[in-house]
Amino acid sequence: MSESPSSPRPRTAVVIGGSLAGMLTAAALAEFADVVVVERDVLPEGPEPRKGLPQAHHAHLLWSGGARAIDALLPGTVERLLADGAHRIALPTNMVGYSPVGWFRRWQEQSHHVVLASRDLLDWHVRRSVRALPRVTVTDRTEVLGLEGDSRRVTGVRLRGADGAERVLAAGLVVDASGRSSRTPVWLREFGVPAAAVRTVDPGLVYASRVFRAPEDLGSSFPVIVGIQADPRASGPGRSAVLVPIEGDRWLVTLSGTRGGEPTGAPDLFEAFARSSVRHPIVAELISGTEPLTDVVVTRTTVNRRHSYERAALPERFVVLGDAAAAYNPVYGHGMSVAAQSAVALRDTVRGLGWSAPRLGARAQKAISGPVGAAWALSTGNDVFYPGATESGPTLAERIGSAYVRRLLLTSTGNGRVARAVTDVVTLERPAARLFTPPVLLAAVLGPRRQQLTVPPLRTAERAAIATLRPPDAP
């Protein structure tokens, strides 16, 4: 691999960031070039916590659209993840979910799923698969000081290694996948490139998570994912709770609250928040009397922020991907799946146009905006309505879009066809246009066919399982 800055479009790609997005980007580009992944921190050798990833302690959802994208880039990775204890949950059959407008029915559909595991395990399996690729080199403890090139074209990166030595690594393509801490806005300003438009939606969300030992006697008698969403149209802060199974016969429970309703790190208040602050106490009932395995971990890095790089005049041979392009409120679980689909979009663009195609970076950035935009609409459609989330409140487009999504959710509580369409989009199996087809539009106008549920959609055995978890002195 050449490191001479004078080499014309060397067959080397540099990926900034060894995150999940960075690793998947490396896999996408290894088909066309030698790839160097540059990571500032130390990457663990096993399924262990990684520095700079505070959200790893909280519940993560890998929607089926994201899981398929990972397998398209790294065949067999998801299968190995499942063999190592991750769970594949059919949707909506094995989910008990309370939406802002009511309980979802557990329609007997098996077409969608979600993969659940700790973030540490998932990242490790992806990282291990990428390290095995012959054209990928992963370099950690190395800092990217800046971009080489100018406003017309990026030609490489300036690095500083663990020994303090600085060098230039020439590249035919540079991808920033460094996450929320991305320095792309600074680097573009140094090149004199006008800043990309930025939309920030910050409801002041705080996360608190804790891991519990899953009760042995529950077995398969209880649904394996439970989620209580907040209603942004209700008065007061938005509070939610989700319980997901992870490897090692454990439950990962994440609570969240917006400004004025934040959960704390106090262990003795964790169950009380899930019982009294959230819209339904089912998560509290499940963890009541269950053995906690960790302390409560609190995170405040939850801002929705999207840089519209697809509409900016980026230098050629430069792409921004993952949280560096758009970061979402993690409660909706779209970050990992969008990163995977964005990496596939990048691969398909290079495959279709060729490595040396003019405006390759711009065309790839445009392709990436597809999955980014769909997830952005889903993530911010609720958050914009919380006080102080934006400087000037929701835009007209956001109000209209949110009203339509809310109507779709209401319809899906009593219409299986619409529920299928909504799940298509939420799992990123289909683009958002799926929700605007004539049959779905008509169904939304007519509303739900069945009366709304007034209690969680639990089966008799499941209700009995919850009852066994209550302490003897519980009411």
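Structural data are supplied above this passage.
Now for a look at the structure at hand. (Residues numbered from 1 in each chain as written. Predicted model: local features only at pLDDT ≥ 70, side-chain atom pairs only at ≥ 80, totals over all residues. Heavy atoms only, no water.)

**As for the overall build of the protein**
Heads up, the rule is: Helical segments are the DSSP runs of H or I of at least four residues, strand segments are the runs of E of at least two, and each set is numbered from the N terminus. The globule rule used here is 2.2 Å times the number of residues to the 0.38 power, and the radius of gyration it is set against is calculated over C-alpha atoms. Burial classification: accessible surface area is computed with a 1.4 Å probe over protein chains only, and a residue below 20% of its type maximum counts as buried, one above 50% as exposed, and the rest as partly exposed. Should any heavy atoms of two residues lie within 4.5 Å, those residues are considered in contact. Areas reported as accessible are Shrake-Rupley estimates using a 1.4 Å probe. Residue values count occlusion only from the protein chains shown. Under the counting rule used here, the positive set is Lys and Arg, the negative set is Asp and Glu, and His together with the chain ends is not counted. Working definition for charges: the position is that of NZ of Lys, CZ of Arg, CG of Asp or CD of Glu.
Within the protein, the secondary structure is distributed over 13 helices and 21 strands. In terms of C-alpha radius of gyration, the protein reaches 23 Å, essentially the compact-globule figure of 23 Å for 475 residues. In terms of overall dimensions, the protein has a C-alpha envelope of 75 × 45 × 40 Å along the principal axes. Taking all 475 residues of the protein together, the buried fraction comes to 57%. Considering only contacts within the protein whose residues lie at least 6 apart along the sequence, 74% involve residues at least 24 apart. Taken as a whole, the protein presents about 19700 Å² of accessible surface, with 52% of it coming from carbon and sulfur. Averaging the coordinates of the 55 positive side-chain charges in the protein and doing the same for the 44 negative ones gives two points 8 Å apart.

**Some points on the packing of aromatic side chains**
The cut-off we apply is this: Stacked, tilted and edge-to-face are the three classes applied to pairs of Phe, Tyr and Trp rings, where Trp contributes its six-membered ring and a pair requires centres within 6.5 Å; stacked means planes under 30 degrees apart, edge-to-face means over 60, and tilted covers the rest.
With the rule as written, the count across this model stands at 4 aromatic pairs. Relative to Trp-103, the ring of Tyr-98 lies with its centre 4.3 Å away and its plane at 15 degrees, an arrangement referred to as stacked. Per residue, the accessibility class of Tyr-98 equals that of Trp-103, and both read buried. Between Tyr-328 and Trp-376, the ring centres sit 6.4 Å apart and the planes meet at 55 degrees, which makes this aromatic pair tilted. Placement of Tyr-328 in the loop between strand S21 (326–327) and helix H8 (335–353) and of Trp-376 in helix H9 (residues 360–383) is noted, with a sequence separation of 48 residues between them.

**What to know about the pairing of strand S19 (residues 304–307)**
The condition is simple: DSSP-based pairing: two strands are paired if at least 2 bridges between them are found.
Summarising the sheet, strand S13 (residues 198–201) and S19 pair through 4 bridges and their orientation is antiparallel. Its bridge partner being in S19, Arg-199 is matched across the sheet by Arg-306. Pairing analysis gives 2 bridges linking S19 to S21, with the strands arranged antiparallel. Of the residues in S21, the one forming a bridge with Arg-306 is Ala-326.

**Remarks on the sheet that holds S21**
Applied cut-off: Axis lines are fitted to C-alpha atoms, over the contacting stretch for helices. Their N-to-C directions set the angle, which ranges from 0 to 180 degrees.
Strand order across the open sheet formed by 3 strands is S13-S19-S21, with antiparallel pairing between neighbours. Looking at strand neighbours, the two that pair on one side only are S13 and S21, the edges of this open sheet. Across the face of the sheet, H9 comes into contact with S13, S19 and S21 while running at roughly 145 degrees to S19.

**What to know about helix H6 (residues 267–277)**
In plain terms, the rule: The directions considered for the arc are those from the helix axis to the C-beta atoms.
The set of residues buried in H6 consists of Phe-270, Phe-273 and Ala-274. Looking straight down H6, one finds that the buried residues subtend no more than 90 degrees of arc, so they occupy a single side. Those residues of H6 that are exposed and aimed more than 90 degrees away from the buried face are Asp-268 and Ser-276. Contact partners of the buried residues in H6: strand S14 (206–213), strand S16 (239–246), strand S17 (250–257) and helix H7 (282–287).

**What about helix H10 (residues 396–412)?**
Each α-helix winds once per 3.6 residues, and so residues spaced three or four apart point in a common direction. Let me state the cut-off plainly: An expected span of 1.5 Å times one less than the residue number is assigned to each helix.
Here H10 spans 24 Å end to end across 17 residues, near enough to the 24 Å set by a 1.5 Å rise per residue. Those residues of H10 that fall on the buried side of the exposure criterion are Glu-398, Ser-402, Tyr-404, Leu-408, Leu-409, Thr-411 and Ser-412. Buried residues along H10 sit against S13, H9, helix H11 (416–426) and helix H12 (438–446).

**Focus on the pairing of strand S10 (residues 154–160)**
Relative to S10, strand S9 (residues 143–149) runs antiparallel, the two being bridged by 6 bridges. When the bridges of S10 are listed, Gly-149 appears paired with Val-154. From the end of S9 to the start of S10, which pair antiparallel, there are 4 residues. Hairpin geometry of S10 and strand S11 (residues 166–170) is characterised by an intervening segment of 5 residues between the two adjacent antiparallel strands and by a positive phi of about 85 degrees at Gly-164.

**Notes on unusual backbone geometry**
A cis geometry characterises the amide bond from Leu-91 onward to Pro-92, with omega recorded as -5 degrees. Tracing the sequence through the fold places Pro-92 in the loop between strand S4 (87–91) and strand S5 (95–99). A positive phi angle, close to 60 degrees, is found at Leu-428, a residue other than glycine.

**Here we look at the sheet that holds S10**
In space, the 3 strands of this open sheet follow the order S9-S10-S11, with antiparallel pairing throughout. Here the strands that pair on one side only, and so sit at the sheet edges, are S9 and S11. Strand-to-strand, the axes of this sheet are offset by a mean angle of 25 degrees, without reference to chain direction.

**Regarding the pattern of salt bridges**
Stated precisely, the cut-off is as follows: A side-chain nitrogen of Lys or Arg and a carboxyl oxygen of Asp or Glu constitute a salt bridge if their distance falls within 4 Å.
For the structure shown, the criterion picks out 22 salt bridges. Glu-148 is the salt-bridge partner of Arg-158, the closest N and O atoms lying 3.5 Å from each other. Linking Arg-158 in strand S10 with Glu-148 in strand S9, this pair joins segments that are 10 residues apart in sequence. With relative accessibility at 30%, the residue Arg-158 sits in the partly exposed group. Close ionic contact of Glu-310 with Arg-311 constitutes a salt bridge, the shortest N to O distance being 3.8 Å. Among the ionic contacts, a cluster of salt bridges with common partners joins Arg-420, Asp-424, Arg-430 and Arg-434.

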